[in-house]
Amino acid sequence: MDLQSPVIVEVLLDLPLPRGFDYHAALATEEDVGRRVKVPWGTGQKVGVIRALKHTSTYPADKIKEVLEIWRDVPPLNARDWQLLEFCSSYYHYPLGQTVLAMLPPALRRVGGWQPPRRVRQPRKYPSQSSAPPLNEAQRSVVQAILQQPNFAVHLIHGVTGSGKTEVYFSLIEKVLERGRQVLLLVPEINLTPQLEQRLARRWPNLNWISLHSGVSEKERARRWLTAQTGAARLVLGTRLAVFTPLPELGLIVVDEEHEASFKQQDGLRYSARDLAIVRARQGEFPIILGSATPTLESWHNARTGRYQLHHLRERAVPGACLPQLTLAPTMQEGLPHWATVLHETLSRGEQVLVFINRRGYAPVLYCPNCGWQAACPRCSVRLVVHRRTRQLRCHHCGLEQVLHESCPSCGNVHMETRGEGTQQVEERLRNYCPSARLLRLDSDSLALKGSWERAREQILDHQVDILVGTQLLVKGHDFPDLSLVVVLNADQSLFSSDFRASERLYAQLLQVAGRAGRAEKAGQVWIETDYPGHPVLLALMQHETENFLDQELALRRQMGWPPFNYLAILRAEARDVGKVTVFLEEARQKALTRGGEGICIFDPVPSTLARKAGFHRWQLLVQGAHRASLQVFLASWVDELRALRSGRSIHWVLEVDPWDC
Ligand SMILES: Nc1ncnc2c1ncn2[C@@H]1O[C@H](COP(=O)(O)OP(=O)(O)OP(=O)(O)O)[C@@H](O)[C@H]1O
Ligand SMILES: [Zn+2]
C-alpha cells in the first residue's frame, strides 16, 4: 500500500444493506482486516468488522469519518472464517454485515468493548472413566471405514436408537485430536449438552474443551468462543449457533441427530447449521459425520445416490438390549386406558415409565357446551390453551395471558368445558391411576428455570422418579437405562397435516420417543394410542423398517415433485394491515414471473399456517427450482428487486432458502 495515501477501511455493520461503509483509519494495517472496530454512526456509535483496506473511496473525502477504535485485544477473523461467512451471506441472500455480526458472540458486539469475565466458572469435575467400552464389531467397522478417508467426505451413520453412535463419534474424535486437529460436535438441543458434557469430561479429563449454547452467560460465551479461536480449546460441543465458531485447526465435524429441526434457525439469518457444517467441512477439506436413527430424506437421498457415504448400526449396543416391542392401542374415551396394566407391572418391577404427549398446558380447548363459544387468541389465529394450576388461558404463540373464564362470555353459561389433553391433565390422570408413583412433568413450562433440566436429569438417573410426563423435549437422544415403558398419547393429532414433511417428521418423532425404551438390559415396551392402526407411518414403525419407509417416502416425494427432488425458497411477509402484505407479495410475484428462469416455478401468495400472530397477518410465496444453482441465480437478482419495492418498506419481509416449514 502507498504509505502516503490515507488509509481507508471498509467496515461491515449490522445493517440490512448489502455493502460496507468507508472510514478513515490512519493506523490500520492489513493485519486489522477481520478485527472489530468502533465507528461513529449518525449521532451514536456502532461496532463493525473491518472487511478490507483501501486507497480510495467512492465517497467524498470530507464525508468520510474517522474510526473511533480498532480493538486488537482478540485475534481477527481469518481467511477460512470469511470464506464460510461469505458463503452463508450469498447462499441465504442475507447482507454480509448482518451475517458477520450475527455470528459474533453478543459480548463482542458491545460499543463498550470486551471485558473478560472476572470469575471463570470451573467446569464440573466427574470421576474419570477407567476406559472406554470396547467397540462392538459393527461400531468398529464404521470407525475403520470413516478413518480411511481423511479428506472431505460426508458420512451418514444410520444407527437404530441406542446403537452406540456416540461411542463411534468418540473413537473418531480421539483420532482427530491425536492428530492435533480441533473438533466441532453439534447437538440439536441445549438439554442434550449436560449428558454429553459428562461423557466428554469422563472420557478426556485433561482435554481443554468448551460447550457453547444459549444457556451460557454472555461474557462466558465470548470467553469460551475466544479459546476456540486461539486454538486453546480443542473441542467445541454446541448447538446450532456453534457452527460459526472460529476453529483454526478444525479437522472433524459431527452433527448428532442430524434430522432435528432445531438445527434450522427460524428468524434473522435463517440458516441450517447442518448444511453450513457440510460447507465448512468441504471448505476445510476434512470429513463430516451426520448421525441419526431417522435421517432426513435429504440426507437419505444423498446417501442413496452416493454423494454421502452410508454406514449402518443395526443393533443396540448394550449386550442383550434389543429394540422395544411396539403395540398400537385405540384411545379410550372412558375408563382405564389399555396400557394401565403394563404401567402397573412396569412400576412394580421398579422400572421407569415415560408418557409422551406433544402438548403442554391442561387442555387445548375451552368451550361452552351451550352456545359453542371457544376461547381464541385475539391476536393470533389459534385457540387459547387452558392452564389450570395458574387458572389462566394462554396463547402459546404470542404469550398472551387471560384469567380463566368462570362463565361463557357469550351466553353466560357457568358450566364451561375443556376438550383434549395437555401434559398437566395427563399428570393429573396418572396421579389418579398410580397415587404412590413419583411423577415428574417435563415441558417448557416446568423447565423454564435455569438448571432445571440438569436437576431433572439427575433425578431420573438416580431413580427418584417413576413416571415422566413430557413433550418432545424429552424425546431427543436421551439415555435413561431404567426406562422400560414408553406410552405415546394422541399420536393421531399429526397424522393429517398438510405439510409435505409431516410423515417424515411423525415417523422420526415416534421412533425417537420409542427409542428411549429398553436401552440397557431391561426389555423395552412402547404403547402408541391411535385410532388409525393402518396408517403407513405406523405400519412402518411397527416393523422397525426405517430404510423401507425412507425409500417409499423418497419415491412419493419424487412423484409429487417435492424436495429433495427440487429446491425451495419462501418469501414471507407480515404486517398489521393484510392489504399491505398482499400488495407486496403480488408485486413480488409479478417481478418473479417477469424474471423467470430455467426450471423456476412461482406459486401464488397464500396465508401462512399460522395466519395471524401477535396481531400481524402472515402470508407467504413459495418458489420452487429444479436445480439449486439456477434457483440461486434467480434469488440473487429477485432479492435486489424486492429491496427496491416501495411496498416492502412498511412491512416485515424475509426470504428463506431451504425452508423446513412450508
Ligand atoms: N460397545 C459398547 N458396549 C457396551 N455398551 C455400549 C457400547 N457402545 C455404546 N454403549 C452404550 O449403549 C448406550 C447407547 O449408546 P448411545 O447413547 O451412544 O446410542 P445412540 O446410538 O446415540 O442412541 P440414540 O440415537 O438413541 O441417541 C449407552 O449407554 C452406551 O454407553
Ligand atoms: Zn396469541
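Going by the annotation in an unreviewed UniProt entry, the name recorded for the protein chain is Replication restart protein PriA, with Ferrovum myxofaciens given as the source organism. UniProt, in its Sequence similarities (unreviewed entry) section for the protein chain, records the words "Belongs to the helicase family. PriA subfamily."

Asker: Tell me what's going on with the packing of helix α4 (residues 165–178) against helix α5 (residues 193–203), and back it up with residues and numbers.
Answerer: Packing of α4 against α5 leaves a shortest axis separation of 12 Å and a crossing angle of 45°. Taken together, the axes of α4 and α5 lie oblique to each other. Crossing handedness for the pair α4 and α5: right-handed. Side by side, α4 and α5 meet where Thr166, Glu167, Phe170, Ser171 and Glu174 of the first sit next to Leu196, Arg199, Leu200 and Arg203 of the second. For the contact of α4 with α5, the per-class residue count stands at three nonpolar, two polar and four charged.

Asker: Tell me about the nonpolar core, and please be specific about residues and values.
Answerer: Core analysis: the largest hydrophobic core is formed by 134 residues, its most contacted members being Phe244 and Trp638. When neighbours within four sequence positions are excluded, Trp638 is seen to be in contact with Leu571, Ala588, Lys591, Ala592, Arg595, Leu621, Val623 and Leu655. Val187, Ala201, Leu235 and Val254 belong to the second-largest nonpolar core, a separate cluster that totals 27 residues.

Asker: So, the side chain of Lys38: which residues are in play, and what are the values?
Answerer: Relative to the elements of secondary structure, Lys38 occurs in strand β3 (residues 36–41). Taking the relative accessible area as the measure of exposure, Lys38 reaches 15% and is therefore buried.

Asker: Tell me what's going on with the coordination of the zinc ion (ligand 2), and back it up with residues and numbers.
Answerer: Looking at the metal site, the zinc ion (ligand 2) is ligated by Cys377 (SG), Cys380 (SG), Cys395 (SG) and Cys398 (SG), spaced 2.3 to 2.4 Å from it. Taking the relative accessible area as the measure of exposure, Cys395 reaches 4% and is therefore buried.

Thresholds, definitions, all that
- Residues numbered from 1 in each chain as written.
- Chains lettered and ligands numbered in written order.
- Predicted model: local features only at pLDDT ≥ 70, side-chain atom pairs only at ≥ 80, totals over all residues.
- Heavy atoms only, no water.
- UniProt positions renumbered as here; feature names shortened; annotations may be inferred.
- Axes fitted to C-alpha atoms, helices over the stretch in contact; angles between N-to-C directions.
- Helix = DSSP H or I, 4+ residues; strand = E, 2+ residues; numbered from the N terminus.
- Parallel < 35°, antiparallel > 145°, perpendicular 65-115°, else oblique.
- Left-handed = near helix turned anticlockwise from the far one by under 90°.
- Contact = heavy atoms within 4.5 Å.
- Nonpolar A, V, L, I, M, F, W, Y, C, P; charged D, E, K, R; others polar.
- Core = buried A, V, L, I, M, F, W, Y, C linked by side-chain atoms within 4.5 Å.
- Buried < 20%, exposed > 50% of the residue type's maximum accessible area, 1.4 Å probe, protein only.
- Donors = N, O, S within 2.8 Å, 3.2 Å for Na, K, Ca; no water.

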